[in-house]
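Observations on the three-dimensional arrangement
This is what each chain is made of:
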Amino acid sequence: MMSNKHAEREITLYSLADVQLRFLCPADLDEVRTRCQDWFPIEYPLYWYEEITSSNSHFYSLAAVYQQQIIGLIVAEIKPHSYLNDEDTGILAKCFSDCDIAYILSLGVLKEYRRNGIATLLLDSLLKNLMTPERRKVKAVFLHVLTTNSAAIHFYERRKFRLHAFLPYYYSIKERYKDGFMYVLYINDGQPPWTLYDYIKFMCGRVANGAGFFPWVLLNVHKALGWLWGHHESTEQDHH
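Given the structure is predicted, the values throughout are model-derived calculations rather than measurements.

All right, on to the packing of aromatic side chains then. Summed over all chains, the structure comprises 12 aromatic pairs. Between Tyr-44 and Tyr-49 the ring centres are 6.2 Å apart and the planes differ by 90°, which places this aromatic pair in the edge-to-face class. Like Tyr-49, Tyr-44 is buried. Chaining the aromatic ring pairs together yields one cluster made of Tyr-44, Trp-48 and Tyr-49.

To continue, consider helix α2 (residues 29-39). Along α2, the residues classified as buried are Leu-29, Val-32, Arg-35, Cys-36 and Trp-39. Axial view of α2: buried residues confined to an arc of 130°, hence all on one face. Those residues of α2 that are exposed and aimed more than 90 degrees away from the buried face are Asp-30 and Gln-37. Close packing links the buried residues of α2 with α3 (46-52), β3 (69-80) and β4 (100-109).

A few words on the sheet that holds β4. If you walk across this open sheet you meet the 7 strands as β1-β2-β3-β4-β5-β7-β6, and the pairing is mixed. Looking at which strands have only one partner, the edges of the open sheet turn out to be β1 (20-23) and β6 (162-173). Ignoring which end each strand starts from, the neighbouring axes of this sheet average 25° apart. By the bridge criterion, 4 bridges tie β1 to strand β2 (residues 60-66) in an arrangement that is antiparallel. If you follow Arg-22 over to β2, its bridge partner there is Ala-63. Along the sheet, helix α5 (residues 150-158) makes contact with β4, β5 (138-146) and β7 (176-186), crossing β5 at roughly 160°.

Within the secondary structure, Lys-139 is located in strand β5. For Lys-139, the side chain forms a polar contact with the main-chain oxygen of Arg-136, separated by 3.1 Å. When neighbours within four sequence positions are excluded, Lys-139 is seen to be in contact with Leu-92, Phe-96, Cys-99, Asp-100, Leu-185, Tyr-186, Ile-187, Asn-188 and Gly-190.

So, on to the pattern of salt bridges. One pass over the full model with this rule turns up 5 salt bridges. In this structure, Arg-35 and Glu-31 form a salt bridge, with 3.6 Å as the shortest nitrogen-oxygen distance. Of this pair, Arg-35 and Glu-31 are both found in helix α2, 4 residues apart, which corresponds to roughly one turn of the helix. Residue classification places Arg-35 among the buried residues on the basis of a relative accessible area of 13%. Residue classification places Glu-31 among the partly exposed residues on the basis of a relative accessible area of 26%. When the shortest N-O distance is used, the salt bridge between Arg-136 and Asp-189 registers 3.0 Å. Of this pair, Arg-136 sits in the loop between α4 (118-130) and β5 while Asp-189 sits in the loop between β7 and α6 (196-208), and the two are 53 residues apart along the sequence. A relative accessible area of 38% means that Arg-136 is categorised as partly exposed.

What counts and what doesn't
- Residues numbered from 1 in each chain as written.
- Predicted model: local features only at pLDDT ≥ 70, side-chain atom pairs only at ≥ 80, totals over all residues.
- Heavy atoms only, no water.
- Phe/Tyr/Trp six-rings, centres within 6.5 Å; stacked < 30°, edge-to-face > 60°.
- Buried < 20%, exposed > 50% of the residue type's maximum accessible area, 1.4 Å probe, protein only.
- Helix = DSSP H or I, 4+ residues; strand = E, 2+ residues; numbered from the N terminus.
- Arc of directions from axis to C-beta.
- Contact = heavy atoms within 4.5 Å.
- Pairing = 2+ DSSP bridges.
- Axes fitted to C-alpha atoms, helices over the stretch in contact; angles between N-to-C directions.
- Polar contact = N/O pair within 3.5 Å; in protein donor to acceptor, adjacent residues only side chain to side chain.
- Salt bridge = Lys/Arg side-chain N within 4 Å of Asp/Glu carboxyl O.

Here is the structure:
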């Protein structure tokens, strides 16, 4: 654990231009492992560090380097929406079933270099990469965070991430269960699932635009009755 004296010491960077951004490589494994063990309460297995520092890693593993030491890093994974875990489903509206999702596994900065914009620099680099024409299929970026990590929550909320779900007992830290939040940022025209408010807003919009609410209702009732009538007739035929 870092001593209080060390925790209070802060280093002010006069220019972020002195910070180099580069992808992790196998030679970074020991340094990255030391950093993550200091920053995060979760204990990652050795193979995870081997994967994120691999030369052909499928992770987006970016380091912020200053004076030849890693002072910050971000690790993200891009995967198809269909590969999401059960607790992470429902992020997008149903029309976005054939798309990709980016998941931020880790984002950390060496304590004495915090409040210098390093985390923002790393996150912006990831988002810029995800919003290129080649990444148009990525419709959302999400992450999990401890409910007690107010600094991280404030950081993501200021960058337009929205709270999507409360995950009770999501984390297991030193044999104790902790609650988590899921935060989501929608990009590349991605949209969240519709809520009751969205449906009401849609209906009011139709009225305001002159389309009318009742014609829309009648049209959809007519479609529903047509479907029910056709279903009823096919059922009767099955019984004869």
